[in-house]
Amino acid sequence: VNVHGIVPFVMGLIVFLVLVNSFIVGHFVTAPLRKLVDAFESEDAAKLTVRLPVSSADEIGRLALHFNKFIENLEQESIKRRAAEQALQESEEKVSGEGILVTKWMAAEQALHESEEKFKMLFKSSPGALVLASLEDGYIYEVNETSCRLFGYSKEEAVGKTILELGVWVDL
């Protein structure tokens, strides 16, 4: 048996398998995750118009599906909230003398409160890790339970810090 010929062959085979594995991971895992991150960072996400293509039923596909459902629910609640805020503003503008249009004001305030409660429920119950943070400085205002489990910080440890202080922002 020629050992000198087998060693380079085995080494070459290992290098080939590592390259194939890297390609597979990059194509089927990293690329879809990068699309998800890009969707979160896009201007369309802030406008609630971004949707991700759901091209598979695996974890990445399910994550994209949940992202789309979450954005749709958030968009509906945002519409309701804007309507409630508009109604509240209109009722405040109609204040004249001593009389206040109490009924409209209270209804608008109640609608705004309900919208805020629904938003909180959607945020907290989302299966995806959500962090409400400032774009300018990364200051964390709120986190959901999924993000606490994912990043290993309690809500009390995360809120009030910046993303950089916690070291959870990884440059992909």
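Rules of the game
- Residues numbered from 1 in each chain as written.
- Predicted model: local features only at pLDDT ≥ 70, side-chain atom pairs only at ≥ 80, totals over all residues.
- Heavy atoms only, no water.
- Core = buried A, V, L, I, M, F, W, Y, C linked by side-chain atoms within 4.5 Å.
- Buried < 20%, exposed > 50% of the residue type's maximum accessible area, 1.4 Å probe, protein only.
- Helix = DSSP H or I, 4+ residues; strand = E, 2+ residues; numbered from the N terminus.
- Contact = heavy atoms within 4.5 Å.
- pLDDT = per-residue confidence, 0-100.
- Pairing = 2+ DSSP bridges.
- Phe/Tyr/Trp six-rings, centres within 6.5 Å; stacked < 30°, edge-to-face > 60°.

Caption draft 1: Spotlight on the nonpolar core. Counting 13 residues, the largest nonpolar core has A39, L52, F67, F70 and I71 as its most contacted members. Top element by residues in this core is helix α3 (residues 59-93). It accounts for 5 residues. Ignoring any residue separated from it by four or fewer positions in sequence, one finds F70 in contact with L122, F123, S126 and L130. The next biggest cluster of nonpolar side chains, apart from the first, holds 7 residues, and it includes V143, C148, I163 and L166.

Caption draft 2: Spatial organisation of the confidence of the model for the protein chain. Chain-level statistics for the protein chain give a pLDDT mean of 82 and a share of 88% at 70 or above. Within the protein chain, the element-level pLDDT minimum falls on helix α2 (residues 43-47), averaging 69, and the maximum on helix α6 (residues 155-158), averaging 95.

Caption draft 3: Molecular detail of the pairing of strand β2 (residues 140-143). Across 3 bridges, the pairing between strand β1 (residues 131-133) and β2 is antiparallel. Bridge assignment links L132 to a residue of β2, and that residue is E142. Where β1 folds back on β2, the antiparallel hairpin that results is connected by 6 residues, among which G138 adopts a positive phi of roughly 75°.

Caption draft 4: Structural view of the environment of V168. Within the secondary structure, V168 is located in the segment after α7 (163-166). The residues touching V168, leaving out its near neighbours within four places in the chain, are F151, Y153 and I163.

Caption draft 5: Geometry of the packing of aromatic side chains. In total, this model carries 2 aromatic pairs according to the counting rule given. Centre to centre, the rings of Y139 and Y141 are 4.8 Å apart; their planes meet at 65°, and the pair counts as edge-to-face. With relative accessibility at 31%, the residue Y139 sits in the partly exposed group. Take Y141: its relative accessible area is 48%, and that puts it in the partly exposed class.

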